[in-house]
Amino acid sequence: MVPQKPLNLRAFTLCMRVATELAGEREIILFAYRTRDFDELNVWRELDGRLAFYLSGEGVFFKAPELGPLETHLCFTWDSSSGAATLFMDGRRSSTKIYKKGHAVRTGGKVILGQDPDSYFGEFDANQSFVGEICDVNMWDSVLSDSTIRDMSSMKRVPRGNVFDWESTELKVNGNVEVVNREL
């Protein structure tokens, strides 16, 4: 995915729709943003089923219902000034956790959906790859309101992402990936 603007972030909302039949058999990555030296922002479903995101190192973890073959709308929010990190699943909000207060996501990286780049130029582990569907990936450089996220999860029109807008972002496809266009 090619961003509309550099990922120089002190806050974000990252949303996507996900469906998978990989039920707790392994950890899977949904979203990876890597610079030359760091995994800046990664979103994982952990082996124990928790959802997590990582900013340059350790992660913040959320207990949540298992992802499955029925589409689930996920949003992750984070604000550097307070450290507030939250997961939304189908419009329902988790408890807020304090994570990486004062941190900033750095520019100059690459975004990959469904695969963890173990280095800047590739080196992938097939056992970490996502199998299923990921769509409607949008990202904002701010924390959206709870009501906007609820509206988005119920398919109401909301302002499109200003970092990634699924309807207009450029996708570069590698490997065994099929892009299926459908109306959202």
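Here the residue numbering is sequential within each chain, running from 1 through the sequence in written order. Restriction of local features to residues with pLDDT of at least 70 applies here, the model being predicted, together with a cutoff of 80 or more for giving and counting side-chain atom pairs; totals for whole chains, interfaces and linings are based on all residues. Just so you know, side-chain values use all the structure's heavy atoms and leave hydrogens and water out.

(A) Representation of the environment of Pro 65 within the structure. Strands are runs of DSSP state E lasting at least 2 residues, helices are runs of H or I lasting at least 4, and numbering of each runs from the N terminus. With respect to the helices and strands, the residue Pro 65 is situated in the loop between strand 5 (59-62) and strand 6 (72-79). Each residue gets one of three labels from its accessible area relative to the maximum for its type: buried under 20%, exposed over 50%, partly exposed in between, using a 1.4 Å probe on protein chains only. Accessibility expressed as a relative area gives 56% for Pro 65, which makes it exposed. For Pro 65 and Leu 51, which are 14 residues apart along the polypeptide, the C-alpha to C-alpha distance reads 9.2 Å.

(B) View of the packing of aromatic side chains. Whether two aromatic rings pair depends on their centres lying within 6.5 Å, for rings of Phe, Tyr and Trp, where Trp uses its six-membered ring; planes under 30 degrees apart make the pair stacked, over 60 edge-to-face, and the rest tilted. The full count for this structure, using the stated rule, is seven aromatic pairs. Aromatic pair Phe 12 and Phe 53: ring centres 5.6 Å apart, planes at 70°, arrangement edge-to-face. Residue Phe 12 is located in strand 1 (residues 11-19), and its partner Phe 53 is located in strand 4 (residues 51-54); the two are separated by 41 residues in the primary sequence. Taking relative accessible area as the criterion, Phe 12 reaches 0% and is therefore assigned buried. Among the residues examined, Phe 53 registers a relative accessible area of 0% and is labelled buried. Centroid distance Tyr 54 to Phe 61: 5.8 Å. Interplanar angle 85°. Geometry classified as edge-to-face. The class of Tyr 54 is buried, set by a relative accessible area of 18%. An aromatic cluster of at least three residues, connected via ring pairs, comprises Phe 12, Phe 53, Phe 62, Phe 76, Trp 78 and Tyr 99. A cation over an aromatic ring shows up here: Arg 106 above the ring of Phe 38, its NZ or CZ 4.2 Å from the ring centre. Here, a charge over a ring is recorded when the distance from Lys NZ or Arg CZ to the ring centre is within 6 Å and its angle to the ring normal is within 35 degrees.

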